[in-house]
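Coordinates in review
This is what each chain is made of:
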Amino acid sequence: MSEFRRGLRHVERAMGTVFSFDIRDARTPAIEAAVQDAVAWLHHVDEVFSTYRSDSAVSRLARGEIGLDDCPAEVREVLDLCEQVGVATRGWFSATPDGTLDPSGLVKGWAVERAGQLLRAAGARHTCVNGGGDLQLSGEAAPGVPWRIGIAHPLRPGELCAVVTGRDLAVATSGSAERGPHILNPHTGTPAAGPASVTVVGPGLTTTDAYATAAFAMGAGAQDWLEGLDGYEGLAITGDGEAWHTPGFPGSLIRRSVLGASARSERAGTCPSADAS
């Protein structure tokens, strides 16, 4: 880890993606230890939940080799959360999107939010935890300065489509730009025909990330659904490059005519951009 103003930064590869920690508090032994605990936590989550590891608890559970009672307690917790999100999204989110157990659409956000809680318990109040482009933020980037998060444009590589500004919030983007058509319609088990990307902003990344996945799968129905949620806002970029957002979306859209300069400015700013994942 290296010094960053008063705090520290750390980058870790886990769960098939890259996680980063950006802490703006004064560096203390307790916070340094908490970062290491958070890193260990992410690797533990990978060991338990990875669908790419044949020996993970989730893989073994999916094959029927063990029962839910044989799994670590976190598995029941995550599956309960998946069920709650499924109800809230009218079935547009599922831990079995193609009939096979796969709670990945919730696990990463849940793991990042929990990592942020570990930092807070150690005294860190101003942090950005980034898990593959989905972020949990607390406090401020600097005294009196909110976090500013650039949202990557799904159709124009290297450009931003919006900048979210705020304190104590989570930001998640789902789409097919980075990984292709990997989000499934849980009602059919086939790839969802969503917009180019959907970004959701909310209080905690567990639900915010899962809601972004569900909103993408919903497609045309996502805007009305998001507008009916308390505490959550959304932005979508459609396949033809048009945009819509909920009335309270805490950010500003970037016009293409000034996008180049704006993108460079924001990327020199206070937090990494959020990519469609």
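Our structure's up above, just so we're on the same page.
Summarised in this report is the structure supplied together with it. Sequence order as written defines the numbering, with residues in each chain counted from 1. Where local features are concerned, this predicted model is filtered to residues with pLDDT of at least 70; where side-chain atom pairs are given and counted, the filter is 80 or more; whole-chain, interface and lining totals use all residues. The basis for every side-chain value is the complete set of non-hydrogen atoms in the structure, without hydrogens or water.

1. Overview of the packing of aromatic side chains
Any two of the Phe, Tyr and Trp rings considered here, Trp counted by its six-membered ring, make a pair once their centres fall within 6.5 Å; the pair's planes then place it as stacked at under 30 degrees, edge-to-face at over 60, or tilted in between. Across all of its chains, the model carries four aromatic pairs by this definition. With 5.2 Å between their ring centres and 65° between their planes, Trp41 and Trp110 make a pair best called edge-to-face. With Trp41 in helix H1 (residues 29-49) and Trp110 in helix H4 (residues 104-121), the pair connects residues that are 69 residues apart, well separated along the chain. Judged by relative accessible area, which is 11%, Trp41 ranks as buried. Every member of this aromatic cluster is reached through a ring pair, and the members are Trp41, Phe49 and Trp110. Note on conventions: DSSP H or I runs of at least 4 residues are helices, E runs of at least 2 residues are strands, and numbering of each starts at the N terminus. Think of it in three bands: with a 1.4 Å probe and only protein chains considered, a residue is buried below 20% of the maximum accessible area for its type, exposed above 50%, and partly exposed in between.

2. Quick word on the pairing of strand S5 (residues 134-138)
Where burial is concerned, most of S5 is hidden: five out of the five residues are buried. A two-sided burial pattern is seen for S5, the buried positions comprising Asp134, Gln136 and Ser138 on one face and Leu135 and Leu137 on the other. A pair of strands is labelled paired if DSSP reports no fewer than 2 bridges between them. Strand direction decides the pairing type here: strand S4 (residues 127-131) and S5, joined by five bridges, are antiparallel. Bridge pairing in S5 places Cys128 opposite Leu137. Connecting S4 to the antiparallel partner S5 that follows it, the hairpin turn spans two residues, and Gly132 within it adopts a positive phi of roughly 60°. As paired strands, S5 and strand S8 (residues 169-175) are joined by three bridges and run antiparallel to one another. Note on S8: the bridge partner recorded for Gln136 is Ala170.

3. Comments concerning the nonpolar core
Put simply, buried Ala, Val, Leu, Ile, Met, Phe, Trp, Tyr and Cys residues joined by side-chain atoms within 4.5 Å make one nonpolar core. Counting residues in each nonpolar core, the largest one holds 58 residues, and the members touching the most others are Phe21, Phe49, Leu106, Trp110, Leu119 and Leu226. In this view, Trp110 contacts Trp41, Val45, Phe49, Glu74, Glu77, Val78, Leu81 and Thr206; residues no more than four positions away in its chain are not counted. Ranked by size, the runner-up nonpolar core spans 16 residues in total, among them Leu135, Leu137, Ala162 and Val171. Residues count as neighbours in contact if any of their non-hydrogen atoms are within 4.5 Å of one another.

4. Examining the sheet that holds strand S7 (residues 160-166)
On the basis of which strands lie adjacent, the open sheet formed by three strands has the order S6-S7-S14 and antiparallel pairing. Unpaired on one side and paired on the other, strand S6 (147-152) and strand S14 (251-253) mark the two borders of the sheet. Sheet twist, expressed as the average angle between the axes of neighbouring strands with direction ignored, equals 20°. Each axis is a line fitted through C-alpha atoms, taken for helices only over the stretch in contact, and angles between the N-to-C directions span 0 to 180 degrees.

5. Quick look at helix H3 (residues 73-88)
Its 16 residues give H3 an end-to-end C-alpha distance of 23 Å, which sits within 8% of 22 Å, the value for a rise of 1.5 Å per residue. As for H3, its buried residues are in contact with H1, helix H2 (57-62), H4 and helix H5 (205-218). Backbone geometry just downstream of H3 places Arg90 in the positive-phi region, at approximately 55°. Expected span of a helix, by definition, is 1.5 Å for each gap between consecutive residues, and there is one gap fewer than residues.

6. Some thoughts on the pattern of salt bridges
In the sections that follow, a salt bridge refers to a side-chain nitrogen of Lys or Arg positioned within 4 Å of a carboxyl oxygen of Asp or Glu. All chains considered together, the criterion is met by 11 salt bridges. Of the charged contacts in the structure, one is a salt bridge between Glu32 and Arg27, with a shortest N-O distance of 2.6 Å. Residue class for Arg27 comes out partly exposed when judged on its relative accessible area of 26%. Taking the shortest distance from any N to any O, the salt bridge between Arg60 and Glu65 comes out at 3.5 Å. Given a relative accessible area of 46%, Glu65 falls into the partly exposed group. It is possible to trace a salt-bridge network through shared partners that takes in Arg9, Asp22 and Arg24.

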